[in-house]
Structure formats: C-alpha cells, structure tokens
Amino acid sequence: MPDFWRLPLDAADHTVPQGRIIIIADRCKGCDFCIEFCPNEVLTPSEQFNRKGYHPPEVIKAEDCVNCGLCQVICPEFAIYAELDHEKHLTEADIQKHSIRLSRKDTRHVR
Ligand code: SF4
Ligand code: SF4
C-alpha cells in the first residue's frame, strides 16, 4: 500500500504531550489491560514478579507515551498512571514511526 503519511503543514503550530508513566508494581494483578490497550505499545509485561506473584507492566518505549491516560483509566487496581512530562513538536520520524505502527495494527487482527 502506498505511504501517504507526511508531516502536517501546520505541525510547527502544535505540540503533542510527552507522558511519564508511574507503575505501582505491588498493586498490579497482571491482567495486562494496560499493555493490550495502550495505543502506542509503550508497555510490556515485566520479567519480574511483584509481591502478589504477578508480572507488572514495564515501560519499553517511554518516548512514545502521549499522556493519554488510558492505562490509568483502564487499570482495575489503580496501579498505573501517567503524568505530563513536557510538550514536544512532531517530527518526520514520529510520522514514519506511527505510519508503520498503524500498518502493523491493520493486519494484526485479520483472521
Ligand atoms: S498514558 Fe496512554 S500512551 Fe502513555 S502508557 Fe498510558 S495508555 Fe500508553
Ligand atoms: S491494568 Fe493495572 S492491574 Fe492490569 S496489568 Fe496493568 S497495571 Fe497491572
């Protein structure tokens, strides 16, 4: 499929948030909701066990967190939340990265 993604013409006029994720590992019950539903695939199950014997999430792509708060809202144990770290401008590299990610998601759920 041709790649029509490009940096928006008014990209310099807008910023996107850069989030910072805080995980309270011992509250986690390992349901993986935050991992599955994060739109930017920022999280993955940790190799470590918490005090309950579950694998809490860990951050693998901190730079991709946009502080959307979905992980915070969806977590049944209040074990994860996001804070605004700073605002940043989109770059061509960001657009390419998201275009590849969206293409991959298009095929991920095809049976
Ligand atoms: S705040 Fe949004 S982008 Fe960041 S880790 Fe949570 S769900 Fe993912
Ligand atoms: S949604 Fe909450 S309880 Fe479930 S894996 Fe993520 S941090 Fe743990």
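Note that the structure is predicted; figures quoted are calculated from it, not measured.

A. View of the environment of I21. For I21, the location among the structural elements is in strand 1 (residues 16-23). Distance from I21 to N67, taken between C-alpha atoms, is 8.1 Å for residues 46 residues apart in sequence. Contact partners of I21, with chain neighbours within four places excluded, come to V42, V59, C65, I80 and A82.

B. Structural view of the environment of C34. When you line up the elements, C34 lands in helix 1 (residues 33-37). For C34, a count of 24 C-beta atoms within 10 Å corresponds to the buried category. Leave out the neighbours within four places in its chain, and C34 touches L43, P57, C71, I74, C75 and I80.

C. The arrangement of the site of ligand 1 in detail. If you check the shell around ligand 1, you find 15 residues, and the closest are C38, C65, C68, C71 and A82. If you list the elements that add at least two residues to the shell around ligand 1, you get strand 1 and helix 2 (70-74). Here the residues of the shell around ligand 1 are counted per class, giving 11 nonpolar, 4 polar and no charged.

D. Spatial organisation of the nonpolar core. Ranked by internal contacts, the top residues of the largest apolar core, which has 15 residues, are I21, C34, C38, L43, C71 and I80. For this core, the elements supplying multiple residues, two or more each, are strand 1, helix 1 and strand 4 (80-88). Residues within four places of I80 in sequence aside, it is in contact with I21, I23, C34, P57, C71, Q72 and C75.

Procedures and definitions
- Residues numbered from 1 in each chain as written.
- Chains lettered and ligands numbered in written order.
- Predicted model: local features only at pLDDT ≥ 70, side-chain atom pairs only at ≥ 80, totals over all residues.
- Helix = DSSP H or I, 4+ residues; strand = E, 2+ residues; numbered from the N terminus.
- Contact = placed C-beta atoms within 7 Å.
- Buried ≥ 20, exposed ≤ 12 C-beta atoms within 10 Å, placed from the backbone.
- Near = placed C-beta within 6 Å.
- Nonpolar A, V, L, I, M, F, W, Y, C, P; charged D, E, K, R; others polar.
- Core = buried A, V, L, I, M, F, W, Y, C linked by C-beta atoms within 7 Å.

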